[in-house]
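Listed here are the chains, written in short residue letters.
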Amino acid sequence: MKNAIIAGIVVIFILIVILLLVYMKADFNASVIDEGNVREIVIDAKRFEYSPNVIKIKEGERIRIKVNNLDTEHGMSIPELGFESHDEVGAEFVFDKKGTFDFYCHHYCGEGHSQMKGVIIVE
Ligand SMILES: [Cu+2]
């Protein structure tokens, strides 16, 4: 009788461990799916322009913006949102606010640096 109770407790314990493992795996898969929901945008940057320089994004979209520096070091900064990206590694951001946001180069790159800008439209 006593052995049956111990065996029952062991079985329940094993089931709990299996459920925890399944739950953790499900959670891990969920984060992988989230990774898949990141839309990647590559912006070519050269003295003194971006291509593309108008980018449309859907409200709530998670975006990874990469800066492809074609000549010298540039960057891409949206001061209004506190967002910056520097290079091909890029940076992620969830655009959860509708509107039109200017972006600028934030690495001094020569005479035309201050004219180097573009716009992100979140709709
Ligand atoms: Cu610049």
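Residues numbered from 1 in each chain as written. Predicted model: local features only at pLDDT ≥ 70, side-chain atom pairs only at ≥ 80, totals over all residues.

A. Just the pairing of strand S4 (residues 61–69), in detail. Relative to S4, strand S1 (residues 39–46) runs parallel, the two being bridged by seven bridges. Residue pairing in the sheet places arginine 39 in a bridge with isoleucine 63 of S4. Across five bridges, the pairing between S4 and strand S7 (residues 91–95) is antiparallel. Within the sheet, the bridge partner assigned to arginine 64 lies in S7 and is glutamate 92. (Pairing = 2+ DSSP bridges. Helix = DSSP H or I, 4+ residues; strand = E, 2+ residues; numbered from the N terminus.)

B. The confidence of the model for the chain, seen in detail. Residue-level pLDDT values for the chain average 85, and 76% of them are 70 or greater. By mean pLDDT, the top-scoring element of the chain is strand S8 (residues 99–104) (98), and the lowest-scoring one is helix H1 (residues 2–36) (60). A low-confidence stretch, residues 26–33 stays under pLDDT 50, and its non-local contacts, those more than four residues away or across chains, total zero contacts. (pLDDT = per-residue confidence, 0-100. Contact = placed C-beta atoms within 7 Å.)

C. Quick look at the nonpolar core. Ranked by internal contacts, the top residues of the largest apolar core, which has 15 residues, are Ile43, Ala45, Ile63 and Met76. With three residues, S4 is the single largest residue contributor to this core. With near-sequence residues (within four places) excluded, methionine 76 lies in contact with Ile43, Ile65, Val67, Ser85 and Phe103. (Core = buried A, V, L, I, M, F, W, Y, C linked by C-beta atoms within 7 Å. Buried ≥ 20, exposed ≤ 12 C-beta atoms within 10 Å, placed from the backbone.)

D. Representation of the pairing of S1. The pairing of S1 with strand S2 (residues 49–51) spans three bridges and is classified as antiparallel. Paired with lysine 46 across the two strands is glutamate 49, which belongs to S2. What sits between the antiparallel neighbours S1 and S2 is a turn of two residues.

E. Spotlight on the environment of lysine 58. When you line up the elements, lysine 58 lands in the loop between strand S3 (54–57) and S4. Judged by C-beta crowding, with 11 C-beta atoms within 10 Å, lysine 58 ranks as exposed. In this structure, the C-alpha to C-alpha distance between lysine 58 and lysine 97, residues 39 residues apart in sequence, is 9.5 Å.

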